[in-house]
Structures are given as C-alpha cells and as structure tokens.
Amino acid sequence: MIEVVAELSRGPVFLAGEALECVVTVTNPLPPTATSASSEALAWASAQIHCQFHASESRVALPPPDSSQPDVQPDSQTVFLPHRGERGQCILSTPPKILFCDLRLDPGESKSYSYSEVLPIEGPPSFRGQSVKYVYKLTIGCQRVNSPITLLRVPLRVLVLTGLQDVRFPQDEAVAPSSPFLEEDEGGKKDSWLAELAGERLMAATSCRSLHLYNISDGRGKVGTFGIFKSVYRLGEDVVGTLNLGEGTVACLQFSVSLQTEERVQPEYQRRRGAGGVPSVSHVTHARHQESCLHTTRTSFSLPIPLSSTPGFCTAIVSLKWRLHFEFVTSREPGLVLLPPVEQPEPTTWTGPEQVPVDTFIMIIWLHFGIIWSHR
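If you're wondering where the values come from, they're calculated on a predicted model, not measured in any experiment.

Colleague: Which residues make up the sheet that holds strand β1 (residues 3–8), and what values go with them?
Modeller: In spatial order, the strands read β1-β3-β7; together these three strands make up an open sheet with antiparallel pairing. Since the sheet does not close on itself, it has two edges, and those belong to β1 and β7 (110–118), each with one partner. Sheet twist, expressed as the average angle between the axes of neighbouring strands with direction ignored, equals 20°. Two elements, β1 and strand β3 (residues 19–27), share six bridges in a ladder whose sense is antiparallel. For E3, the partnering residue across the bridge sits in β3 and is T27.

Colleague: Explain the layout of surface pockets to me, using residue names and the numbers behind them.
Modeller: As a volume, the second largest pocket reaches approximately 390 Å³. If you list the elements that add at least two residues to the lining of the second largest pocket, you get β8 (127–128), β9 (132–144), β10 (149–159), β15 (252–265), β16 (281–292) and β19 (318–331). Among the domains, domain 1 (3–59 + 78–159) and domain 2 (212–336 + 354–367) are the pair contributing at least three residues each to the lining of the second largest pocket.

Colleague: Lay out the nonpolar core in plain terms, naming residues and giving numbers.
Modeller: By size, the foremost hydrophobic cluster in this structure holds 40 residues, and its most contacted members are L20, L99, F100, V132, Y134, L138 and L156. Secondary structure elements with two or more residues in this core: β3, β4 (40–55), β6 (97–105), β7, β9, β10 and β19. If one sorts the elements of this core by residue count, β4 sits on top with seven residues. When residues are assigned to domains, this core turns out to be shared by domain 1 (3–59 + 78–159) and domain 2 (212–336 + 354–367), each giving three or more. Every residue in contact with L20, bar those within four places of it in the chain, is listed here: L8, F14, I49, Y115, S116, E117, L138 and L156. Counting residues in each nonpolar core, the second largest holds 27 residues, with F226, Y233, C293 and L303 among its members.

Colleague: An account of the packing of aromatic side chains is needed here, citing residue identities and associated values.
Modeller: Following the criterion strictly, the structure yields eleven aromatic pairs and no others. An aromatic cluster is built from Y214, F226, F255, F301, F326, F328 and F361, whose rings are joined through pairwise contacts. Taking the ring centre of W366 as reference, the NZ or CZ of K321 above it sits at 5.8 Å.

Colleague: Just give me the short version of the environment of K111, but keep the residues and values in it.
Modeller: Note that K111 resides in strand β7. The exposure class assigned to K111 is partly exposed, which follows from its relative accessible area of 33%. K111 sits 86 residues away from T25 along the chain, and the two C-alpha atoms are 5.7 Å apart.

Colleague: Just give me the short version of the pattern of salt bridges, but keep the residues and values in it.
Modeller: Following the criterion strictly, the structure yields 14 salt bridges and no others. Measuring nitrogen to oxygen at the nearest pair gives 3.5 Å for the salt bridge that ties R153 to E86. Taken together, the residues span a long stretch of sequence, with R153 in strand β10 and E86 in the loop between β4 and β5 (89–93) at a distance of 67 residues. Take R153: its relative accessible area is 27%, and that puts it in the partly exposed class. Residue E117 pairs with K97 through a salt bridge whose shortest N-O separation is 3.6 Å. Here E117, found in strand β7, pairs with K97, found in strand β6; they are 20 residues apart in sequence, far enough to count as distant. Given a relative accessible area of 33%, K97 falls into the partly exposed group. Among the charged side chains, a network of salt bridges with common partners joins D218, R220, R332 and D359.

Calculation criteria
- Starting afresh in each chain, residues are numbered from 1 along the sequence in its written order.
- Thresholds applied to this predicted model are a pLDDT of at least 70 for local features of residues and 80 or more for the giving and counting of side-chain atom pairs; totals over whole chains, interfaces and linings are not thresholded and use all residues.
- For the side-chain quantities, the full set of heavy atoms in the structure was used; hydrogens and water were omitted.
- In this scheme, strands are said to pair when DSSP sees at least two bridges between them.
- Helix numbering and strand numbering both begin at the N terminus, where a helix is a DSSP run of H or I of at least 4 residues and a strand a DSSP run of E of at least 2.
- Axes here refer to lines fitted to C-alpha atoms; in helices the fit is confined to the stretch in contact. Angles between the N-to-C directions go from 0 to 180 degrees.
- A 1.4 Å probe that fits but cannot get out identifies a cavity on a 1 Å grid over protein atoms alone, an open set with protein on both sides within 12 Å along at least five of seven lines counts as a pocket, and a residue lines either if it has an atom within 4 Å of a point.
- Grid points are joined across faces, edges and corners, and a volume is the space filled by probe spheres set on the points.
- Where a domain begins and ends is set by an automatic assignment or by a domain database.
- We define the nonpolar core as a collection of buried residues of types Ala, Val, Leu, Ile, Met, Phe, Trp, Tyr and Cys that are connected through side-chain atoms lying within 4.5 Å of one another.
- For every residue, the accessible area obtained with a 1.4 Å probe (protein chains only) is divided by the maximum for its type, and the residue is called buried under 20%, exposed over 50%, and partly exposed between those limits.
- Two residues qualify as a contact provided that any one of their heavy atoms is within 4.5 Å of a heavy atom in the partner residue.
- Stacked, edge-to-face and tilted are the three classes for Phe, Tyr and Trp ring pairs, Trp counted by its six-membered ring, which pair at centre distances within 6.5 Å; planes under 30 degrees apart are stacked, over 60 edge-to-face, the rest tilted.
- Charge over a ring is defined by NZ of Lys or CZ of Arg lying within 6 Å of the ring centre and within 35 degrees of the ring normal.
- For salt bridges, the criterion is a side-chain nitrogen of Lys or Arg within 4 Å of an Asp or Glu carboxyl oxygen.

Written as structure tokens, this is what we have:
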C-alpha cells in the first residue's frame, strides 16, 4: 500500500500563463516496526496538466471523429494516459514530466518531489456550462512493480485574461520588476511580472467611470432613464445602477433586473431543433432585484458578481457573455394615480382599484467582465 499526496503551494486558482507548483509526497503508511519485507517498490511516477472538453449531445453537433486516424490510446494499463476514463476529449495538455523512477520505500518512509509547469496561455478558461464544459486537472500517475497505473487527479481553476496572449516576458533584467534584497528564481520573476501586468490592466479597465444613460420606453411613451457608471467589472464587484422614473410619461408599477450570463453555441456547431436538439442559447441568473415602484421618482439597485463565476470568453464552439435583463410592468391607463386625494372636505373611505390593465416589456444591456487577480 502506498499513499500519494499532492499539495498545491498557492491554491487551486491560476492565471493562464502562470507557473503551477506542486509538491508530491509518496509514503509507505506501514509502521516503522514492520518487517523489511513490507517495503514497497515503485517503478515510476509522472505528472501532467490537461484540459478536458465535454459537450452536451442535445445542444452541440460536433463533427464525427476522423476514422482514418488509429486510436492512440492503447488498452494497456501500464501506459500513462492522464485522461483515461474521463468524459469528453482532451483538447490541451502539457508534456508529461517524470517525478522519479525505481523508488523503494521502507515502512514509515516518505519522499517528496517538486513539480512545476506553466499553464498554457492559449487554452480556454475553466467553465461548466449547460452546453459545454472545460475542466482543467493535474494528473499524477504512479505505478507499483507488476501492477496497473494508479491516477491521482487534482482539479484546477484557470482564468484567462484577454490580451495577455500577445505579451512576452521581458528579457532585460532592468525591465522586470524585482527587488535586489530578495532572492527570486526566473520562474518567480515571471509569475510576479505576469500578475502585476494582469493587475494593472484590470485596474485600468475597471477603474474608468463614465455615466452611461439609457432611455426606457415602450410603444406608448417614455417610462424613465436607466443610469450605470461603468460597463467593465471585476469578479466580486457589485453592479450598481439607478432608475429615474419621475420624468416618464408612462407609469411603471414594478420592475425587476437580473444579472445573467448567456451561453451561445456557435452557428456551425448548433444542433437543429427538428433533429431532437434543444435551444442553442441558455441563460443563467446570478443575482436578481425586484421592486414595486409606483409613485417612485428615483431608485437604485446593487447586484453582486459571484467570485465563482466565469468572465466572458469566446471559443470556436461556444461564447459566454454577461448582461442585465430588465422586465418592466407598466400601466395602460395614462396618468394613473393610485393615491387618495390630499385634501378632502370630509372623512371618506378610499379603496385602490382591484385591477389595473398592464403591459410588460424587457430591456437588455450587455456588460464586460475582467477577472479579479491578486498574486498569492
């Protein structure tokens, strides 16, 4: 019996292009008092990062596999295949790295090995949607002598910041941010420089504030004005908006606003509805605000952006966008007043109307999201 423990030194969340560092500890759990015959012999251990892609058959029409290419996955249980037994297909992987060969552990003995690899910058972000899934994993394979391979899979979350794909790490030591009082290897310098660059770009994109105004109207007139101070956000921020209903000519009885993501399959991969497919567009609501607003002049709302969500992205198969989905309920009666008169000559009983004819319409506003990133 052998125990294998993988520990990520900086947690499971990474930026594409950053170096992943993992310490793999192999232990013989038997007590030291056991006989020497209880020692364990390991042939080898290897590690690799891969991205697994899975598509919903009812939503995505993938091209058939190329039958002219032979199956490169042998049936032998002695070959290291990190994605063996996984759903979908492996679309991205790093070269496998050998951790050790011909290791013998006595009872109670353990050994640790370091693994480091740069996450591919050209891959998609981690995403679990209704149409497709992109899942990153670090897989560690270990084989005992005369035994099949055992796999240990560590889930990862990879975030992609648009624009970093074309950035090259500076070769000049004076350009890269560094401290003369700290010893730092080349990989650490690159990670620090990449994190600083990502933080600067996010700060520049999300700190710009400019009031954006949108007129709200239906077929009978103006309902009000919606204002938002920016359209680019980081994960973890709040989307704050204001509504000015006092300048409208159509009475608004109620409104609701939802923070949603739209997952859309690209046209060439959409499955036809008549062929047993479902709609190629799906929406997920992350936060919602609803308010009754008759006789309300001004109001506001705040919708939190979950840290666990995925920023917008686009691949050859699917795209993800963020939006604000408004739904307004307006009165069909012009000049609707549902308050009793302020001045009454004598005490009277006032009762509001039991029914009010209404109309409902929606409004969509698209947003852009960067990623929140702090160098750990």
